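Reading the structure
Listed here are the chains, written in short residue letters.
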Amino acid sequence: DGYAYLRLAMERSNEAQARALAKDSVAGSAPKDRKGVFKGFLHRLDSAGKITRIRFTALDGKQVDTDEMKGKVVLVAFWSTSCGPCVAEVPALKAAYDKFHGQGLEIIGISLDEQEDQAKLTRFLKAKKLPWPQNFDGKGRENQLAIQFGIDVIPALFLLDKQRVLHETNARTGLEQKIKRLLAEP
């Protein structure tokens, strides 16, 4: 899919180039669903360095709101149980949670699983003993939060600082060091 290559080019470009590509794609003849991803990507670029609020009802029924997590570093993990690299990332996320939760790290999962995979997701969470809340709307890659932030490649990890400012939209590389740095900030 050419649009997937275009999104990859946006991810690998500097901000000015990425913004220009996304704006051109929104204004162009891309299908509606792809335009939604490009608009979300622009929203992600616009959110960088700003307070970012994420709210949802978790799979277990609890309300999650990053505004209530002020003073904590929040790792936002976009993922799916059907994504091999996402599942491979889970031990690193669990290790980071175990190591840094007591110091102020919270994790929230945004599941891009399809509705028919809800039972599989629930079993996976229980088997892996993942204690953090999971957003699940059953819409797969059309997940509301994924569209809002232009996520179409997973796993994707964001980091919000203690003031809820979006610092990282590509936190997979050097995750532990990035968490330590944000935890050390006032």
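Each remark here, short or long, concerns the structure printed above.
Residues numbered from 1 in each chain as written. Predicted model: local features only at pLDDT ≥ 70, side-chain atom pairs only at ≥ 80, totals over all residues. Heavy atoms only, no water.

Focus: the packing of helix α2 (residues 15–27) against helix α3 (residues 32–47)
Interaxial distance between α2 and α3 falls to 9 Å at its minimum, and their mutual angle equals 150 degrees. Considering only the axes of α2 and α3, their crossing is left-handed. On α3, the residues touching Glu15, Ala18, Arg19, Ala22, Lys23, Ser25, Val26 and Ala27 of α2 are Lys35, Phe38, Lys39, Phe41, Leu42, Leu45 and Asp46. Counted by class, the contact of α2 with α3 contains eight nonpolar, one polar and six charged residues. (Axes fitted to C-alpha atoms, helices over the stretch in contact; angles between N-to-C directions. Helix = DSSP H or I, 4+ residues; strand = E, 2+ residues; numbered from the N terminus. Left-handed = near helix turned anticlockwise from the far one by under 90°. Contact = heavy atoms within 4.5 Å. Nonpolar A, V, L, I, M, F, W, Y, C, P; charged D, E, K, R; others polar.)

Re the state of the cysteines
Taken as a whole, this structure holds one disulfide when the rule is applied. With its sulfur 2.4 Å from that of its partner, cysteine 83 forms a disulfide with cysteine 86. Its S-S torsion of about 75 degrees marks the bond between cysteine 83 and cysteine 86 as right-handed, since a negative value means left-handed. Judged by relative accessible area, which is 2%, cysteine 86 ranks as buried. (Disulfide = S-S within 2.5 Å. Buried < 20%, exposed > 50% of the residue type's maximum accessible area, 1.4 Å probe, protein only.)

Examining the pairing of strand β6 (residues 156–160)
Burial analysis of β6 places five of its five residues in the buried class, the great majority of the element. Along β6, one buried face is formed by Ala156, Phe158 and Leu160 and the opposite face, lined by Leu157 and Leu159, is buried too. As paired strands, strand β3 (residues 73–79) and β6 are joined by five bridges and run antiparallel to one another. Looking at β6, one finds that leucine 75 is bridged to leucine 159. (Pairing = 2+ DSSP bridges.)

Quick notes on the packing of helix α4 (residues 84–100) against helix α7 (residues 175–184)
At their nearest, the axes of α4 and α7 sit 11 Å apart, and the two run at 30 degrees to each other. Between α4 and α7, the angle falls in the class roughly parallel. Read as a crossing pair, α4 and α7 show a hand that is right-handed. Of the residues in α7, those in contact with Leu93, Ala96, Lys99 and Phe100 of α4 are Leu175, Glu176, Ile179, Lys180 and Leu183. Tallied by class, residues from the contact of α4 with α7 come to six nonpolar, no polar and three charged. (Parallel < 35°, antiparallel > 145°, perpendicular 65-115°, else oblique.)

Structural notes on a negative patch on the surface
Together, Asp1, Asp33, Glu114, Glu116 and Glu142 give the surface a local cluster of negative charge. In this structure, glutamate 116 sits in the loop between β4 (105–111) and α5 (118–128). Owing to a relative accessible area of 63%, glutamate 116 belongs among the exposed residues under this scheme. (Patch = residues over 30% accessible without salt bridge, like charges linked within 9 Å, V, L, I, M, F, W, Y side chains within 5 Å. Areas by Shrake-Rupley, 256 points an atom, 1.4 Å probe, with all protein chains shown as cover. Salt bridge = Lys/Arg side-chain N within 4 Å of Asp/Glu carboxyl O. Lys, Arg positive; Asp, Glu negative; His and termini not counted. Charge placed at Lys NZ, Arg CZ, Asp CG, Glu CD.)

A few points about α7
Every buried residue of α7 is listed here: Leu175, Lys178, Ile179, Leu182 and Leu183. For α7, the angular spread of buried residues about the axis comes to 130 degrees, placing them on one side. Along α7, the residues that are exposed and aim more than 90 degrees away from the buried face are Gln177 and Ala184. (Arc of directions from axis to C-beta.)

Some details on the side chain of serine 25
If you trace the backbone, serine 25 turns up in helix α2. Within polar-contact distance, the side chain of serine 25 engages the backbone oxygen of leucine 21 at 2.8 Å. (Polar contact = N/O pair within 3.5 Å; in protein donor to acceptor, adjacent residues only side chain to side chain.)

Quick word on unusual backbone geometry
Put simply, isoleucine 154 and proline 155 share a cis peptide bond, and its omega is 0 degrees. Secondary-structure assignment places proline 155 in the loop between α6 (144–148) and β6. In this structure, lysine 129 takes a positive phi of about 55 degrees despite not being glycine. A residue is classified by how much of its surface remains accessible, and lysine 129, at 64% relative accessible area, is exposed. Notably, arginine 164 is not glycine yet its phi reads approximately 75 degrees, a positive angle.

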